[in-house]
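Architecture and fold: a report
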Amino acid sequence: MGYLLSKVVSGGLPHQLIAQLFVANLIVGIFNLLPGLPLDGGRIFRAGVWKITKKQYTATIAAAWAGRVLAIALVGLALFSQQSQGNTFSLYWLWLLVIAGFMWIQSTQAIRAAKIRERLPAVSARRLARRAIPITANLPLAEAVRRAQAANARALVIVDHENTPSAIVSEAAVQATPEERRPWIEVGSLARSLEPGMVLSADLSGMDLIKAVQQAPASEYLLIEPSGQVFGVLAASDLDIAFAGV
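Residues numbered from 1 in each chain as written. Predicted model: local features only at pLDDT ≥ 70, side-chain atom pairs only at ≥ 80, totals over all residues. Heavy atoms only, no water.

**Digging into the overall build of the protein**
Helices and strands together make up the secondary structure of the protein, namely 10 helices and 7 strands. Within the protein, the fraction of its 246 residues that count as buried is 34%. Considering only residue pairs separated by 6 or more positions, the protein has 55% of its internal contacts joining residues 24 or more positions apart. When the accessible area of the protein is evaluated, it comes to approximately 14,900 Å², of which 62% is carbon and sulfur surface. (Helix = DSSP H or I, 4+ residues; strand = E, 2+ residues; numbered from the N terminus. Buried < 20%, exposed > 50% of the residue type's maximum accessible area, 1.4 Å probe, protein only. Contact = heavy atoms within 4.5 Å. Areas by Shrake-Rupley, 256 points an atom, 1.4 Å probe, with all protein chains shown as cover.)

See the structure below:
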């Protein structure tokens, strides 16, 4: 379209503006077809690798790393452009650096997202659950900790006189309490009452587990069996660790 307009407008400033606009759009269009994420060419490249390998993870990683290579190439081009102009300030090489930074960030995010999707099926509430012991709310914290250590448990669940869970003791609150004060503090004062969203099925895994946690943000969740029995406690910090290093 710009090319046709440049032919219709024969000369003068309008002709120059239309011609420059046409060249700029042409450069952007060609650049956008380069095989690296997040460019359209990168998405086409990812689709091709996906079709060949039948693996979405491999395709995304390949396209994202191609995007990183392009970002490094743009930085090199920017530095070369600066030196060729005698180290004088130029918007040209500055824009190259901005585009390179954007591509690097987007490619890195694509790699991280792909690794998280790859790990999701292996993330299950049962595998991450901490063993929990039932205690009453009026039990001294020191005694509750002693019982947990003796049972090799890492979580404390408050139960009523009918042994029904009513709250989960906050691990952070326990760690923040000095040992010399623990004999005089009732464990119930460090517990959070169970809300509907804090009680999860022990069978949850993958994206279903992530969605359940996102709907009710908390530091700990009570995991129950389909029969209603307590299976254990899921700590949000353990869920974060499951994705560490991606």
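More follows now that the structure is in view.
**As for the nonpolar core**
Ranked by size, the top nonpolar core spans 17 residues in total, and within it Leu200, Leu209, Tyr221 and Leu239 carry the most contacts. Elements that contribute at least two residues to this core include exactly helix H6 (125–128), helix H9 (206–215), strand S6 (220–224) and helix H10 (236–242). The element best represented in this core is H9, accounting for 4 residues. If we skip the residues at most four places from it in the chain, Leu239 touches Val123, Leu128, Leu209, Ile210 and Val213. Among the nonpolar cores identified, the runner-up in size contains 16 residues, and Leu139, Ala144, Ala153 and Val174 belong to it. (Core = buried A, V, L, I, M, F, W, Y, C linked by side-chain atoms within 4.5 Å.)

**A word on the pairing of strand S2 (residues 155–159)**
In terms of burial, S2 is largely enclosed, as 5 of its 5 residues are buried. Every second residue of S2 is oriented toward a common face, with Ala155, Val157 and Val159 on one face and Leu156 and Ile158 on the other, all of them buried. Pairing of strand S1 (residues 132–135) with S2 involves 4 bridges; the strand directions are parallel. The residue of S2 that forms the bridge with Ile133 is Leu156. The parallel pair S1 and S2, bridged by helix H7 (residues 141–150), forms a crossover whose chirality is right-handed. Where S2 meets strand S3 (residues 165–169), 3 bridges bridge the pair, whose relative direction is antiparallel. (Pairing = 2+ DSSP bridges. Right-handed = clockwise from strand over helix to strand, strands pointing away.)

**Notes on the environment of Leu209**
Tracing the backbone through its elements, the reader meets Leu209 in helix H9. Residue Leu209 is classed as buried on the basis of its relative accessible area, which comes to 0%. Remark: the alpha-carbon pair of Leu209 and Leu239, spanning 30 residues in sequence, is separated by 9.7 Å. With near-sequence residues (within four places) excluded, Leu209 lies in contact with Val123, Ser124, Ala125, Leu200, Leu204, Leu234 and Leu239.

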